[in-house]
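Residues per chain, in single letters:
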Amino acid sequence: MTSKSAPPTSRAPLSGPVDAVVVGAGFGGLYALHCLRQAGFSAVAFETGDGVGGTWYWNRYPGARCDVESLQYSYSFSEDLDQEWNWSEKYAPQPEILSYANHVADRFDLRRDIRFSTRVVAATFDEARALWVVETERLDGSGGDRVEARFCIMAVGCLSSANKPPFAGMADFKGPIYHTGEWPKDGVDFTGLRVGVIGTGSSAIQSIPLIAEQAKALTVFQRTPNYSVPAYNAPLDPAYVAEVKANYPALRAKARSRPTGFYFPFNTQPALASTPEERRRQYEEAWARGGLPFLGAYGDLLFNKEANDTIAEFAREKIRGIVKDPKTAELLCPENVFGCKRLCVDTNYFATYNKPHVSLVDVSKTPIERFTANGLAVGGKTYELDAVVCATGFAAMTGAFDKIRITGRGGLTLAEKWQAGPRTYLGVASAGFPNLFMVTGPGSPSVLASMIQAIEQHVDWMVDMMAHLRDVGARTFEARAEDEDRWVAHVNEVSQVSLRSTCSSWYVGANVPGRPRVFMPYIGGFPVYVQKCNEEMDGGYGGFVLDGATTRNAPPEIRLTRRWHVPLDMDVISPAMLAARQVPVV
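Quick caveat, the model's predicted, so the values are computed rather than measured. (Residues numbered from 1 in each chain as written. Predicted model: local features only at pLDDT ≥ 70, side-chain atom pairs only at ≥ 80, totals over all residues. Heavy atoms only, no water.)

### Focus on the overall build of the protein chain
This is how the line gets drawn: The helix count covers DSSP runs of H or I at least four residues long, the strand count covers runs of E at least two residues long, and both are numbered beginning at the N terminus. Exposed residues in this analysis have more than 50% of their type's maximum accessible area, buried residues have under 20%, and partly exposed residues fall in between, with area computed by a 1.4 Å probe over protein chains only.
Scanning the protein chain for helices and strands turns up 17 helices and 20 strands. Evaluated residue by residue, the protein chain yields a buried proportion of 59% over its 586 residues.

Take a look at the structure:
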């Protein structure tokens with residue numbers, strides 16, 4: 001099923017304050033609007049793009065697609081939506097995911113409360129009136145809005161602020177320079193061109209095979225090689241789809257109990273308890289299935305370095321078996337921990353380097369010096385290029401917050417508070433910033449879980465909290481500084497027990513020069529995190545100051561969050577608990 005993007009609705013005047021301002025109209029913003037309405041709150045959303053979709057609106061580069069299977073990479077709040085929407089492929093491509101976002105916006109009539117082509121530039125908390133004052137600017141230069149709201153919900157996305165390294169001489173280059181995260185709406189035709197791609201992360205691994213099909217010559221500039229597992233993408237089998245749809249509620253429930261927030265077969269046994277022959281058989285079977293579940297071949301791969309070495313070497317052997325030129329193959333073989341960076345999922349990525357017009361340039365020891373009028377200079381050599389693609393990723397987790405002047409109590413800005421790294425309580429709020437919510441913010445599982453499920457859990461929890469404030473007549477909520485300190489310490493402690501914290505990745509901000517090195521997502525497992533959120537709610541929000549309450553209502557009424565009260569899947573989590581000193585980590 002497809003749904004065409006409807007044109008943005010005409011801009012209706014904003015009449016007075018609203019209960020909530022939502023920043024962003026991606027999957028987080030759309031669901032927030034829907035839930036706020038259902039709970040009886042008035043809301044308006046602001047979106048920089050001229051359509052919905054967030055990440056899937058901007059990331060239009062060739063080959064862009066999800067790395068969680070389509071039938072699980074979707075909203076779970078509506079059984080009717082589950083049944084009526086039909087995905088066409090195992091891993092949905094960007095245009096189909098964007099069509100899905102547009103379908104959701106249309107089906108639930110969300111556009112009328114969204115102001116498109118509008119950038120939020122500032123959000124300031126008025127302490128005397130306990131209101132957020134949100135300032136915007138319209139991209140067509142026709143002015144902006146100044147909106148007052150009781151709550152401000154930041155649904156800005158974890159991977160939405162493009163990282164654009166300031167290479168010297170970029171202004172001198174005669175050809176176009178593209179960024180995978182800000183791809184032109186009408187696409188790009190590379191036919192007959194000499195193209196350079198900077199970076200070998202996820203967007204590069206997805207786009208390089210397709211760019212190579214068009215380009216006259218393709219040169220890839222690689223600083224750090226990445227592990228990638230074949231997707232084996234294919235059209236979905238109608239019989240399989242029917243089976244899933246017949247049992248969707250059960251699948252969704254199982255997914256919520258899994259450490260990643262989505263369901264896949266997981267072998268809990270430790271790798272080193274198997275013989276080398278048994279391990280190879282297990283890895284071959286997992287490789288043949290493909291995708292992110294490859295990391296589930298054994299239960300200790302992200303905790304035990306010796307165990308991880310076995311899967312890392314297996315993956316390197318696969319690369320050497322695909323890439324014919326031994327020198328190129330070795331350049332493409334990572335030496336770091338398997339899975340410490342975001343594992344990539346590809347279609348014919350490594351095989352692309354066997355094409356005679358595709359070459360790989362190592363810039364790890366001799367970095368790119370500068371752009372020239374006709375290409376890139378590296379190690380005293382100029383590579384002649386007609387177009388350059390920067391597949392250089394994002395300022396993850398906090399980059400979108402950095403673009404907005406967010407001011408809380410006493411004139412403190414969020415940027416000032418987060419100067420040494422983000423500080424939140426449960427990844428949803430930050431002390432000193434009353435009535436400000438963050439959807440999948442730093443300190444929550446976010447990018448380490450299935451994003452749509454993480455979004456739904458956060459929004460459900462936030463709206464239930466807002467309803468509780470209404471129930472008891474409270475004006476504001478604010479995270480307690482001491483509880484925030486404890487949570488930040490816990491997030492940091494848990495990160496150390498996983499091998500994921502051992503390499504320079506965008507999880508710690510290492511891809512952006514000058515950023516503090518802090519492991520930003522919560523690595524303790526999605527259901528464990530959800531349980532902590534449930535305990536916070538069931539305990540009457542003890543980690544927050546609720547100011548101005550006129551009545552008592554404890555425990556709070558469970559509304560939207562009821563579906564997140566699920567038992568932990570101990571068959572999967574137990575080995576992780578043992579490996580992580582009783583802290584579940586995946």
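From this point, things continue past the structure.
### Some points on helix H1 (residues 27–38)
Note the following rule: Take the residue count of a helix, subtract one, and multiply by 1.5 Å to get its expected span.
With 12 residues, H1 extends 17 Å between its outermost C-alpha atoms, agreeing within 8% with the 16 Å of an ideal straight helix rising 1.5 Å per residue. For H1, the buried fraction is high: 10 of the 12 residues fall into the buried class. Those residues of H1 that fall on the buried side of the exposure criterion are Phe27, Gly28, Gly29, Leu30, Tyr31, Ala32, Leu33, His34, Cys35 and Leu36.

### What about the sheet that holds strand E7 (residues 177–179)?
Neighbouring strands of a sheet are bound in pairs by backbone hydrogen bonds; such pairs are parallel or else antiparallel. Worth spelling out the cut-off: Only when DSSP finds a minimum of two bridges between them are two strands counted as paired. Angles run from 0 to 180 degrees between N-to-C directions of axes, and those axes are lines fitted to C-alpha atoms, restricted for helices to the stretch in contact.
Here 5 strands make up an open sheet; going across it, the order is E7-E16-E8-E9-E12 and the pairing parallel. The sheet terminates laterally at E7 and strand E12 (358–362), the two strands that pair on one side only. Taking the axes of each pair of neighbouring strands and ignoring which way they run, one obtains an average angle of 20° across the sheet. The pairing of strand E8 (residues 194–198) with strand E9 (residues 217–222) spans 5 bridges and is classified as parallel. Within the sheet, the bridge partner assigned to Val197 lies in E9 and is Val220.

### A short note on the packing of aromatic side chains
How we decide: Stacked, tilted and edge-to-face pairs are distinguished by plane angle, under 30 degrees for stacked and over 60 for edge-to-face with tilted covering the rest, among Phe, Tyr and Trp rings (Trp via its six-membered ring) whose centres lie within 6.5 Å. The rule is short: NZ of Lys or CZ of Arg within 6 Å of the ring centre and within 35 degrees of the ring normal puts a charge over the ring.
If you walk through the whole model with that rule in mind, you get 43 aromatic pairs. Seen in terms of ring centroids, Phe294 and Phe338 are 5.7 Å apart; in terms of plane orientation they differ by 70°. Their pairing is edge-to-face. Taken together, the residues span a long stretch of sequence, with Phe294 in the loop between helix H8 (276–289) and helix H9 (305–322) and Phe338 in the loop between helix H10 (326–331) and strand E11 (344–346) at a distance of 44 residues. The exposure classification of Phe294 matches that of Phe338, with both residues buried. Three or more aromatic residues joined by ring pairs form one cluster here, namely Phe27, Tyr31, Trp56, Tyr73, Tyr75, Phe77, Trp85, Trp87, Tyr100 and Phe108. Between Lys254 and the ring centre of Tyr263, over which it is positioned, the NZ or CZ distance is 4.1 Å. Residue placement shows Arg470 over the ring face of Phe41; its charged tip is 4.3 Å from the ring centre.

### Comments concerning the pattern of salt bridges
When the charged atoms of two side chains with opposite charge come close together, those side chains can pair. We count it as follows: The salt bridge definition used is simple: a Lys or Arg side-chain nitrogen within 4 Å of an Asp or Glu carboxyl oxygen.
Applying the stated criterion to the full structure yields 31 salt bridges. With its nearest N and O atoms 2.8 Å apart, the salt bridge here joins Lys185 to Asp50. Linking Lys185 in the loop between E7 and E8 with Asp50 in the loop between strand E2 (43–46) and helix H2 (55–58), this pair joins segments that are 135 residues apart in sequence. The exposure class assigned to Asp50 is partly exposed, which follows from its relative accessible area of 31%. Of the charged contacts in the structure, one is a salt bridge between Arg119 and Glu137, with a shortest N-O distance of 3.0 Å. Highlighted residues: Arg119 in strand E4 (residues 118–126) and Glu137 in strand E5 (residues 131–138), separated in sequence by 18 residues. Salt bridges sharing common partners tie together Arg37, Asp109, Arg112 and Asp113.

### Re the layout of surface pockets
To keep things clear, this is the line we draw: A 1.4 Å probe that fits but cannot get out identifies a cavity on a 1 Å grid over protein atoms alone, an open set with protein on both sides within 12 Å along at least five of seven lines counts as a pocket, and a residue lines either if it has an atom within 4 Å of a point. Grid points are joined across faces, edges and corners, and a volume is the space filled by probe spheres set on the points. Classes in brief: Ala, Val, Leu, Ile, Met, Phe, Trp, Tyr, Cys and Pro nonpolar; Asp, Glu, Lys and Arg charged; the others, Gly included, polar.
Computed from the structure, the second largest pocket encloses a volume of approximately 440 Å³. In this structure, the second largest pocket is lined by 22 residues; those nearest its centre are Glu69, Gln72, Tyr240, Tyr263 and Phe264. Elements with a minimum of two residues in the lining of the second largest pocket: helix H6 (238–246) and helix H7 (248–256). The residue inventory of the lining of the second largest pocket, partitioned by class, reads 13 nonpolar, 3 polar and 6 charged.

### Points about the packing of H1 against helix H14 (residues 451–472)
For the record, the criterion: Left-handed is the label given to a crossing in which the near helix is rotated counterclockwise from the far helix by less than a right angle, and right-handed is the label when the rotation is clockwise. Contacts between residues were defined by any pair of non-hydrogen atoms, one from each residue, lying within 4.5 Å.
In contact at an axis separation of 9 Å, H1 and H14 are set at 35° when each is read in the N-to-C sense. The chirality of how H1 crosses H14 is right-handed. Contacts between H1 and H14 pair Phe27, Gly28, Tyr31, Ala32, Cys35 and Leu36 from the former with Ile452, Ile455, Glu456, Val459, Asp460, Val463 and Met466 from the latter. Considering only residue class, the contact of H1 with H14 consists of 10 nonpolar, 1 polar and 2 charged.

### Describing the nonpolar core
Inclusion rule: The nonpolar core is taken to be a set of buried Ala, Val, Leu, Ile, Met, Phe, Trp, Tyr and Cys residues, with the residues joined through side-chain atoms within 4.5 Å.
Phe27, Leu36, Tyr75, Phe338, Trp461 and Phe544 are the most contacted members of the largest nonpolar core, which has 102 residues in total. Looking at which element gives the most residues to this core, the answer is H14, with 11 residues. For Tyr75, the contacting residues outside a window of four places in its chain are Gly26, Phe27, Leu30, Tyr31, Leu81, Asp82, Tyr100, Val104, Arg252, Ile452 and Glu456. Counting residues in hydrophobic clusters, the runner-up holds 30 residues, among them Val188, Val195, Ile208 and Ala215.

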